[in-house]
Amino acid sequence: MRIEQMGCHEIVGLLLHMALLIGPASGIGANWGTQATHPLPPSIVVRLLKDNAFDKVKLFDADGGVLKALGNSGIQVMVGIPNDKLLTLANSVQAAEDWVSQNVSSYVSSNAVDIRYVAVGNEPFLSAYNGTYIALTLPALENVQAALIKAGLGSKVKVTVPLNADVYQSFTGVPSGGDFRSDIHDLMLQIVKFLNDNGAPFTINIYPFISLHNDPNFPVDFAFFDGSSSPVNDGGKVYDNVFDAAHDTLVWALTKNGYGNLSIIVGEIGWPTDGDKNANPNNAQRFNQGFMSRVVSGKGTPMRPNPMDAYLFSLIDEDAKSIQPGNFERHWGIFYFDGQPKYTLRLGSSSSNGLVSAKGVHYLANKWCVMSPTASLDDSQVGPSVSYACSHADCTSLGYGASCENLDARGNVSYAFNNYYQIVNQPDSACKFPNNLSVVTDNDPSVGDCKFRIMIQSVTAANIGIASSLRVNFIPFVLLLVFTLA
């Protein structure tokens, strides 16, 4: 049938089919999270993205300062809706319309922000949420989509739901045994059908690091891309790494349920650099460079051999993230909190010199708060002081297998004191722990890979309330560490 002979519904159907076959543009993007006590100014981060040739960015909310900074940048944006907004959006079409008007339409029209996707929720079906969002996600997705269409953005901005890879599983141990999790199978099919009908992609987060972290018997080489001594043969398709296997398990789940052509975005993929025995710059460089080399060469997976669309997780460390999943949660960035590269990473064929540092970053004074040389570890105030410091700061680098695990007891105390001192912006009062336990020094106390970092100046003051609420569960560990080494 010629196009001019088609009816409206037929033309729309053809366009959606073409969109599904073409899928999202391949390439690499970055996740930009902002759960930090001292976030870099948005303008500096946007320049960091551009200097490192990222042409896409994925956000976890719709922060106005961030979106304005992305205006006229040439960077495609996936804007996020946090899970705590799903209830409101699921129950009110008007709330969805208001959200789209305030967080999408206004920035597209007035600030020239190139918004391509709205991520409705973030991994809402994790078991840790105890089903809180199961009944909310699809209605919220439908209402946001309807709001986008009403705003005239339905063809430009697509909805999606970033999901964790635990929404599907293999019932045979190989990718071809893949299907959606039994407890949410019907819901997943409804979501997949909705995405398919609206020309929207399936967004999946895949973390080989978590596979290695959760299973002490997991074959280490299988987590990386540079070869495995135990490849998996699935009907002639050979898998030498867990990413390909996990990705294609999803492809099989989609195929079995009639949606084998649905486009897939890898919403999060990366490797942390601290907070766990397997989290270090060497492993992160090995994993991320292996993945990037595949992206640059246009290599896909055995089931989807074409170039893929993916977002590295993450761009910058976030020192105010919850550590409930593990101490590594604050160390996923390819850049430290100040925008300095952690290791050499070539993001494209033209980036032979590796990552480009953030420009225009300003630091606090070169001074540190450490345990006084005259103080005693036997002082009764050492434990409570370290507990207080770590409950208001970030002591995740002190854990087992972390970058500062080899510090002695005095070093652990100094690290805790200094991290607190830096996060509250170095006031004199922050280095006056009881019984003269602490002292300010201008001699860098860093030891090897354990860095006592100087905090950056930030437009956002350190939020002690947030930091404390997120880190209180870390106090017993720090106390145990101090007294064990003493």
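Quick note: structure is the one above.
Let us look at the structure shown here. (Residues numbered from 1 in each chain as written. Predicted model: local features only at pLDDT ≥ 70, side-chain atom pairs only at ≥ 80, totals over all residues. Heavy atoms only, no water.)

Each helix and strand counted, the chain has 14 helices and 15 strands in total. For the chain, with 486 residues in total, the buried portion stands at 54%. Long-range contacts, defined as pairs at least 24 residues apart, comprise 73% of the intrachain contacts of the chain with a sequence gap of at least 6. Taken as a whole, the chain presents about 20,300 Å² of accessible surface, with 51% of it coming from carbon and sulfur. (Helix = DSSP H or I, 4+ residues; strand = E, 2+ residues; numbered from the N terminus. Buried < 20%, exposed > 50% of the residue type's maximum accessible area, 1.4 Å probe, protein only. Contact = heavy atoms within 4.5 Å. Areas by Shrake-Rupley, 256 points an atom, 1.4 Å probe, with all protein chains shown as cover.)

Their axes nearest at 8 Å, the elements helix H5 (residues 93–110) and helix H6 (residues 137–150) cross at an angle of 60°. By the angle between their directions, the pair H5 and H6 is classed as oblique. In terms of crossing hand, the pair formed by H5 and H6 is right-handed. Contacts between H5 and H6 involve Val93, Ala96, Glu97, Val100 and Val104 on the former and, on the latter, Asn143, Val144, Ala147, Leu148 and Lys150. In terms of residue class, the contact of H5 with H6 is made up of 7 nonpolar, 1 polar and 2 charged. (Axes fitted to C-alpha atoms, helices over the stretch in contact; angles between N-to-C directions. Parallel < 35°, antiparallel > 145°, perpendicular 65-115°, else oblique. Left-handed = near helix turned anticlockwise from the far one by under 90°. Nonpolar A, V, L, I, M, F, W, Y, C, P; charged D, E, K, R; others polar.)

Turning next to the packing of aromatic side chains. The full count for this structure, using the stated rule, is 22 aromatic pairs. Feature note: the residues Phe60, Tyr207, Phe209, Phe224, Phe225, Phe243, Trp271, Phe287, Phe291, Phe313, Phe328 and Trp332 constitute an aromatic cluster, connected by ring pairs. The lysine or arginine in question, Lys56, covers the ring of Tyr311, its NZ or CZ lying 5.5 Å from the ring centre. Over the ring of Phe224 we find Arg286, and its NZ or CZ is 3.9 Å from the ring centre. (Phe/Tyr/Trp six-rings, centres within 6.5 Å; stacked < 30°, edge-to-face > 60°. Lys NZ or Arg CZ within 6 Å of the ring centre and 35° of its normal.)

Counting buried residues in strand S12 (residues 264–269) gives 6 out of 6 residues, a clear majority hidden from the surface. In this structure, strand S9 (residues 202–205) lies alongside S12, joined through 4 bridges in parallel fashion. Looking across to S12, one finds that Phe202 is bridged to Ile264. Two strands pair when backbone bridges link them, and S12 and strand S13 (residues 309–312) are joined in this way by 3 bridges, in the parallel orientation. Looking at S13, one finds that Ile269 is bridged to Leu312. You can see the chain leave S12, run along helix H10 (residues 281–297) and come back into S13, and the turn it takes is right-handed. (Pairing = 2+ DSSP bridges. Right-handed = clockwise from strand over helix to strand, strands pointing away.)

Using the criterion set out here, one finds 3 disulfides in the structure. Residue Cys369 pairs covalently with Cys431 via a disulfide, S to S 2.1 Å. Because the torsion about its S-S bond is 85°, the bridge between Cys369 and Cys431 counts as right-handed. Of this pair, Cys369 sits in strand S14 (residues 368–371) while Cys431 sits in the loop between helix H12 (409–423) and strand S15 (438–441); the two residues are 62 residues apart in sequence, bridging distant segments of the chain. Neither Cys369 nor Cys431 differs from the other in exposure class; each is buried. Between the sulfur atoms of Cys390 and its disulfide mate Cys395 the distance is 1.9 Å. (Disulfide = S-S within 2.5 Å.)

This brings us to the packing of helix H11 (residues 382–391) against H12. Contact pair H11 / H12: the axes reach a minimum separation of 8 Å and the direction vectors enclose 40°. Here H11 lies oblique to H12, going by the angle between them. Along this stretch, H11 crosses H12, giving a crossing that reads as left-handed. Between H11 and H12, the residues in contact are Val382, Ser385, Val386, Tyr388, Ala389 and Cys390 and Val413, Ala416, Phe417 and Tyr420, respectively. Broken down by class, the residue content of the contact of H11 with H12 amounts to 9 nonpolar, 1 polar and no charged.

So, about the pattern of salt bridges. Counted according to the given criterion, the structure contains 16 salt bridges. With a shortest N-O distance of 3.7 Å, Asp166 and Arg181 are connected by a salt bridge. Of this pair, Asp166 sits in the loop between strand S6 (162–164) and strand S7 (168–170) while Arg181 sits in the loop between strand S8 (178–180) and helix H7 (185–197), and the two are 15 residues apart along the sequence. The exposure class of Arg181 is buried, given its relative accessible area of 14%. (Salt bridge = Lys/Arg side-chain N within 4 Å of Asp/Glu carboxyl O.)

Two modes of strand pairing occur in sheets, parallel and antiparallel, and in both the strands are linked by backbone hydrogen bonds. Here we have 9 strands laid out as an open sheet, ordered S5-S4-S3-S2-S1-S13-S12-S9-S6, and parallel in their pairing. Both outer strands of the open sheet, strand S5 (158–160) and S6, are each paired with one neighbouring strand and no more. Taking the axes of each pair of neighbouring strands and ignoring which way they run, one obtains an average angle of 25° across the sheet. Here 3 bridges tie S6 to S9, and the two strands are oriented parallel to one another. From the neighbouring strand, Leu163 faces S9, where its bridge partner is Ile204. Docked against the sheet, H5 engages strand S3 (76–81) and strand S4 (114–120), running at close to 160° with respect to S4.

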